[in-house]
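Now for the letters of each chain:
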Amino acid sequence: MSTLEDTSTNIAIKEFNALKQVQFFDGLKHIQLSGHLFLEDRLGQQWTFYLYLGRVLYATGGTHAVRRWRRNLALYCPGIDTAKLKELCSLSGSELEAFQECWEYQTLCLWVEKRYITREQAARMIWSAMTEVLFDITQVRQVDFLVEHTTTLSTQLVLIDVGKLITDVQQKWEKWQDAKVADRSPNRAPLIKQPERLQQQTSPATYQTLTKLLDGKQTLRDLAVQRKRDVLDIATTLLPYMQAGLVELVDVPDLSSPFPNLSISTSTAAQVTTATAVTPIIPTALAVPEVPKGPLIACVDDSPLVCQTMEKIMVAGGYQFLGVQDPLRAIATLLSRRPDLIFLDLVMPNTNGYEICAQLRKVSLFKTTPIVILTGNDGVLDRVRAKLVGSTDFLGKPVDADTVLTTVHKYLKHQLKSNSLVVG
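As a starting point, this report considers the structure included with it. Note that the structure is predicted; figures quoted are calculated from it, not measured.

### Brief notes about the sheet that holds strand β11 (residues 371–375)
Strand order across the open sheet formed by five strands is β9-β8-β10-β11-β12, with parallel pairing between neighbours. A strand with exactly one partner marks an edge of an open sheet, and here the two such strands are β9 (320–324) and β12 (393–396). Sheet twist, expressed as the average angle between the axes of neighbouring strands with direction ignored, equals 20°. The strands touched by helix α12 (residues 304–316) within the sheet are β8 (296–300), β9 and β10 (341–345), with β9 carrying the most contacts at an inclination of about 175°.

Written as structure tokens, this is what we have:
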């Protein structure tokens, strides 16, 4: 394992899309980083990820860290009243000192300990917060990063599977793009620009509702929580008004922290500055890898060991790899990534390879995609049934590297030959 040293200069990552995000966080998991990851866009907006052995505990930062926390608190912990928020202001001494490191997360830990909220509620808040953070990072596309190997958060409420999270965020981002609002940030607040014209073009009831909501103080995300709707619904509803110049989006400041007297250390985050000509020495495992040119191979298997084995085989063979361990999310994940070949486990909890294969064949995108069934039960009936639901081939477990690579080459040889001609 490479020895991790703190970087004193940031490294730029261009086009920080979903694939590069997955590869990047897989690199952090590989070296089992415990510490901080700082990201910054070209406008100086910064985010901080807290990691434990390469898994993410929490993410914060951006323009509205407090707004984000308050929104998710109202959404997932409605039982928290004003009195419990006021308790935070009364903390002192060693209790308050602990909140120097990510007060949002430390507050959740305290409330779970006191049983004000459940661990499940905290986990939902953390997932939602990280979804917003990664969405904002995806929207800016290019970031600089810096890592710090240091003592991180002492309590692990939840360890986030970043791969699943990135898949969810990518789906949200694609919908945001399809709705033609990709150039509009959900962190901006709608404000009526031309009230007279808006009144002329809407009913009295609609105009009254819009004047109450579009005051330039609540972001699109704030309005979504308030109205109990998806933020994309809010954006698309207001889009005609924005295109007509009747409503505009404006920047709004963040809300005040519950800890007005808490001095939050920003010395490390301040190190993430504009890139210089100095090239820092960082571990190879942390360097953002080049995107492989080979086809994307997916493996749907609830066993982490099988997915890890298949990943090693595919990467060694020069292929991109996608591991899916949650069978219930398999189809959505495959649709978002569109692999060139799919290895599919036969026996999984809640569903099985037959059902997933049959559903995939109903999707036009996967009509001709090679689907290879994996199983430890290499029986004649299994093979017949697999063929009936549309599988392309059938491999037994445990998987053998040579057999797997031969199978991939067999079904993708025309694509591989085409790629080699293009490269040459």
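### Let's talk about the sheet that holds strand β2 (residues 35–40)
Overall, antiparallel pairing links the five strands, which are arranged β1-β5-β2-β3-β4 in an open sheet. Strands at the two margins of the open sheet, each flanked by one partner only, are β1 (11–13) and β4 (55–61). The average angle at which neighbouring strand axes cross in this sheet is 25°, direction not considered. As paired strands, strand β3 (residues 46–52) and β4 are joined by six bridges and run antiparallel to one another. By the bridge assignment for β4, L51 is matched with V56. Against the sheet, helix α6 (residues 119–140) makes contact with β2, β3, β4 and β5 (143–149), and its axis sits at roughly 65° relative to β4, the strand it touches most.

### Concerning the environment of G317
Structurally, the position occupied by G317 is in the loop between α12 and β9. Judged by relative accessible area, G317 falls into the partly exposed class, the value being 37%.

### Concerning the packing of aromatic side chains
Counted under the stated rule, the structure contains nine aromatic pairs. Between F16 and F24, the ring centres sit 5.9 Å apart and the planes meet at 90°, which makes this aromatic pair edge-to-face. When its relative accessible area of 1% is taken as the criterion, F16 is described as buried. The interplanar angle of 70° and the centroid separation of 4.9 Å between the aromatic rings of F24 and F145 together place this pair among those described as edge-to-face.

### Quick word on the side chain of T369
Inspection of the secondary structure puts T369 in the loop between α14 (353–361) and β11. For T369, the residues in contact, after removing those within four places along its chain, are P339, D340, L341, I342, R361 and T392.

### Some thoughts on the packing of helix α7 (residues 162–178) against helix α13 (residues 330–337)
At their nearest, the axes of α7 and α13 sit 10 Å apart, and the two run at 55° to each other. On the basis of their axis angle, the class for α7 and α13 is oblique. For the pair α7 and α13, the sense of crossing is left-handed. Contacts from T167, Q171 and E174 in α7 reach A332, T333 and S336 in α13. Tallied by class, residues from the contact of α7 with α13 come to one nonpolar, four polar and one charged.

Definitions and cut-offs
Residues numbered from 1 in each chain as written. Predicted model: local features only at pLDDT ≥ 70, side-chain atom pairs only at ≥ 80, totals over all residues. Heavy atoms only, no water. Pairing = 2+ DSSP bridges. Helix = DSSP H or I, 4+ residues; strand = E, 2+ residues; numbered from the N terminus. Axes fitted to C-alpha atoms, helices over the stretch in contact; angles between N-to-C directions. Contact = heavy atoms within 4.5 Å. Buried < 20%, exposed > 50% of the residue type's maximum accessible area, 1.4 Å probe, protein only. Phe/Tyr/Trp six-rings, centres within 6.5 Å; stacked < 30°, edge-to-face > 60°. Parallel < 35°, antiparallel > 145°, perpendicular 65-115°, else oblique. Left-handed = near helix turned anticlockwise from the far one by under 90°. Nonpolar A, V, L, I, M, F, W, Y, C, P; charged D, E, K, R; others polar.

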